[in-house]
Each structure stands twice: as C-alpha cells, then as structure tokens.
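The primary structure of each chain is shown beneath.
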Amino acid sequence: MSDLRAAVAAGALGSEQSYRELLQSIVEVARSIFDARASSVFLFDEESDELVFEAVAGEGAGDLVGQRFPSSTGIAGWVLVTRQPLVVEELDKDPRFAREAAESTGFVPKGLMAVPLLHEDNALGVLEVLDRPQKAAFSLAEMELLGKFANEAAIALDLLQKARAARTVLEDEGAEADALARFAARLDEAEPEKREAALQLLDALGKLLRER
Amino acid sequence: MAQEPADLPAWSLPAGAGERISIGVEWPERVTRDWAFGGATGKGMRVCILDSGIEAGHPRVGEVERAVAFARGEGEDEEVEVVEDTEGDLCGHGTACAGIVRQLAPECSLVSARVLGAGFKGSGPILLAGLRWAVEQGFDVINMSLSTTKRQFAELLHELADTAYFNRTVLVASAHNMPVESYPWRFSSVISVGSHEEPDPMTFFYNPSPPVEFFARGVGVEIAWLGGGTILSTGNSFATPHMSAICALVLSKHPELTPFQLKNVLYLTANNVGGET
C-alpha cells in the first residue's frame, strides 16, 4: 500500500528536481545569450513575504541559492511590486547600493536587467541578468528577449511550486493519501470482475461527490 | 471656457438645446505643439505620484506638496488606512518618477501617495485604496508606473479609472511589454504608455495598434536615485512620467480640457501625427 504513496512521492520529487534543472538551464542560457556575468531567478515566497534565490548562473552560483531578502527591497523588489521590467546601469557609482550588493551577493554589478515572472494572475518571482557587456546602449529588443526568457522561467517556476505543493500534501496529509493508497493496492490485487465492479462503484462515488 | 459639468444635461439633450453644451475650446486650424504646451510649465497642476514614496529634498524633485502612505492595520480584516508619510521613499522608484515629472513640468505641484514598499503581500488592496484616495482628491494627473495582474482587482480598478476620467483626472499608467493581462493600463479611460528609444524627452508617439496608446522616452533615462544622486535606467516605469508631465503641461495651458479632449491633443501633437519637434 505504501508503494503507491512512494511512487507518487517519487514522481513529485522527481519532477521538482527536473524543474529545478530547467530553471538552472534557463539562467545558464540567459547568461550566455546576453554574454553576461551572472543571471538569477528569484522565487517570491508568499508565506514569509520574501524573495529567495532559486537558480543562479555565473558569479555567485553555488553560494546564493536559498538566500532570502524582503520582497519589496532592492531592484528585484521594485520589479516584483511594480510588475515592470527595469534596466539599471552605472550601479557601481552608488556607494550605498554597492555596499548592500557586496554584502548580500559578494559582488557589485555595474548594471542589471530585471523582469517580473508573471504566470496567469500571479507574480511568481523575478529574473535578473547582471553585467551584460556595455558595448552599445541598451535596446528595447534586448528587453523583449529578456521578456521571452521570463515567460519560460515563469512556467518552470510555476511547475516547481506545484511539485513542491504536491510533495507537501503527501507529507502533511498522509492519512488521506494512505486511504487512497490502500484502495489502490486492493484494486490491484482484485480479480477482474471485482475490479470492474469496484471501478464502477468508484465512478458512481465520483458522480455523487460532484452533485451538491 | 467650458461650462461646469454640473450645469450640463447629464443623460439626454432636449431638442434645440445644442447651444447649452457648446464647448468653449477654440481649436486652431491645426493643433500645434506650440498651441498645446508652448511656454507651459505645469503651473497650477497637481500631479500625484502613486508609487513607493518620494525622497524628501532630492534635488531632482524639489518641493513635495504633501506625502501620504497607505497601510493595512495589524489584524487580518483591518481596513487600509491613509496616514501622513514621513518615511519618504523606501526603494527609489517613486522618486525617479517624480524627478522626471519635475524636470519637464517644473512648476507643477507634486503629491506622493505611497502604495509600495511595505512588502509585496497585500499590495493589491493597498494599491486600490491609494488610487481611490487619489481619485477622490481630484488631482489633475495621477502617475501610475505600476500595475497589478490580479483579476479580482480589475473591476474595481476599472470603476476607479472611469470615475477619474469623468471627474477630469487624467490617469497615466505604464503598459506591459510582455504578453500578460495587467491593469489598469489596459482600460481605455487611462492613458497607457510604453517606451521608445529616442533621447528627446518631449518626443512621443501615438500607437495606432492599441492597447498601448502612447510611446514616450523610456530608454537610457537619467533618473533621480536615492541619496540625492542620479543613475541611468530603462523601463516603461520611466516613460510614463514623461507622458504625465506632458499632460500637466497641456492642462496648465488649457485647464478646460477633459481627459477625452486631452487625449485628442496628445494624438494630434504626437511626433508620428502632426507634432513638430
């Protein structure tokens, strides 16, 4: 009976791992396309009202994942609360920003592009690309390209959150999952006629639950 | 001058009563930029920056007439309250917008309504309360370099946008350059703004393919930055206050214009229509 639970849990956990890899690949590609020093995805944690580093490519990769800061501070915070993409250059000119950035991420970017990750009507987080080479002035075409990455990252982040929610349900509501798992185990063992009858009964139960 | 709206027949027009609603605006043969805002400074116009607050005494911003903040009480069901704001700007976004308006409309009066900065959670009801307050105050222009994607707020925002429109308050809002549904910029009672790449702050374009209606300067803009300085930045957030300032200029010269008429003036003086530089 715990086989089904284990299988479902493995599915949820497995997909969580895949979605993390997908996010990581999105920041890697974003960093390459823009020839940037780093790129990161922040997840908005509604419970704590914080932004969390969820994937990082380039500078800071390895150390930053899991770090948190309040949802409305910093440039990522601006972007999350206003839901507007933003590009800021010459950041190293600002001593206050430079100090804060150095304290939280270990390096001071000269410039960054940040875009909100919007999925359906939710703001799930922020994608940032740091220090693209400033050979030419920033263009709206780059902003559009960043928006496309943001769409991908938003979908990956949405799937990641759903996988995590599924795992939480399995962990927190074990009793209900157990009952369903027990039923699945009995169904699996049953003879074909009994199995057919049980499935019809289940179908009828489903209809009953749909009715008010 | 136009008659006060209260004197006008509200729901119908009796036979032969066309005289009663004659509009006093004298349209020139061609609406020029000089007619629209030549020599205007925004004097007498009250512009509300609905944003993250404004840093007091920033040299790019100068005097701020009043600053208020919106916050929810401690309990779950507490109403959003309006309080006088003494914290200034927590993130810098509102100061940047205020600085752009001040640069183009130097004699307008700026009021800060802080709806951002206290955390992201619960920001929807705070945004609504802030906009409702700003509309009730009857500002000439409200700058909204922000939006919400929450559909549950769309209907209320729509009502507020329409109320503003009929009360002669111009709501100027940042559009999204991503394929997402967000509000209030999509409403037709709002002047929605996206970015162009030209360096001239007075260059703006009418977009014949809405919902984004106008494009204003939004790329490589020197914006006011916390701590009294400036920085280079790009985004529709900064195109919007360019358009707000231009609205304040036109209205300071032609206070009789309704938002509908103002939009026409903006259309006729847009660089891709009839606007000369």
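Note that the structure is a prediction, hence the values are computed from the model and not measured.

Summarising the model, chain A shows a mean pLDDT of 84, and 88% of its residues fall at 70 or more. Considering each helix and strand of chain A separately, the mean pLDDT is smallest for helix H3 (residues 95-105) of chain A, with a value of 70, and largest for strand S1 (residues 38-45) of chain A, with 94.

Right, let's talk about the environment of Thr 258 of chain B for a bit. Residues and elements named next belong to chain B. With respect to the helices, strands and loops of the structure, Thr 258 is situated in the loop between helix H5 (236-253) and helix H6 (259-269). In this structure Thr 258 comes out as partly exposed when scored by C-beta crowding, with 17 C-beta atoms within 10 Å. For the pair formed by Thr 258 and Thr 169, sequence separation is 89 residues and the distance between their alpha carbons is 8.3 Å.

Another point: the pairing of S1 of chain A. Residues and elements named next belong to chain A. Across the eight residues that make up S1, a large majority, seven, are buried. As defined by bridge partners, S1 adjoins strand S2 (residues 50-58) across eight bridges and the pair is classed as antiparallel. Its bridge partner lying in S2, Leu 43 is registered against Val 52. Between S1 and S2, which follow one another and run antiparallel, lie four residues, and Asp 49 among them has a positive phi close to 55°. Relative to strand S6 (residues 122-130), S1 is paired through six bridges, and the arrangement is antiparallel. The partner of Ala 38 across the bridge, within S6, is Leu 130.

With that out of the way, let us pick up the nonpolar core. Core analysis: the largest hydrophobic core is formed by 130 residues, its most contacted members being Ala 153 of chain A together with Val 101, Val 172, Cys 247 and Ala 248 of chain B. With sequence-adjacent residues up to four places away left out, Ala 248 of chain B is seen in contact with Gly 42, Met 45, Val 47, Val 101, Ala 105, Cys 108, Asp 140 and Val 141 of chain B.

So, on to the pairing of strand S4 (residues 109-114) of chain B. Residue and element names in this part refer to chain B. In terms of burial, S4 is a largely internal element, five of the six residues being buried. Summarising the sheet, strand S1 (residues 46-51) and S4 pair through six bridges and their orientation is parallel. Residue pairing across strands places Val 47 opposite Leu 110, the latter belonging to S4. Sheet analysis places strand S2 (residues 66-72) next to S4, joined by four bridges and oriented parallel. Each bridged residue has a counterpart across the sheet, and for Val 68 the counterpart in S4 is Ala 113.

All names here are of chain B. Look at helix H4 (residues 154-166): 18 Å from first C-alpha to last across 13 residues, which is about the 18 Å you get at 1.5 Å a residue. Against the buried residues of H4 lie helix H3 (123-137), strand S5 (141-144), strand S6 (170-174) and H6. In the segment just after H4, Arg 168 is the residue with positive phi, at about 65°.

Procedures and definitions
Residues numbered from 1 in each chain as written. Chains lettered and ligands numbered in written order. Predicted model: local features only at pLDDT ≥ 70, side-chain atom pairs only at ≥ 80, totals over all residues. pLDDT = per-residue confidence, 0-100. Helix = DSSP H or I, 4+ residues; strand = E, 2+ residues; numbered from the N terminus. Buried ≥ 20, exposed ≤ 12 C-beta atoms within 10 Å, placed from the backbone. Pairing = 2+ DSSP bridges. Core = buried A, V, L, I, M, F, W, Y, C linked by C-beta atoms within 7 Å. Contact = placed C-beta atoms within 7 Å. Expected span 1.5 Å × (residues − 1).

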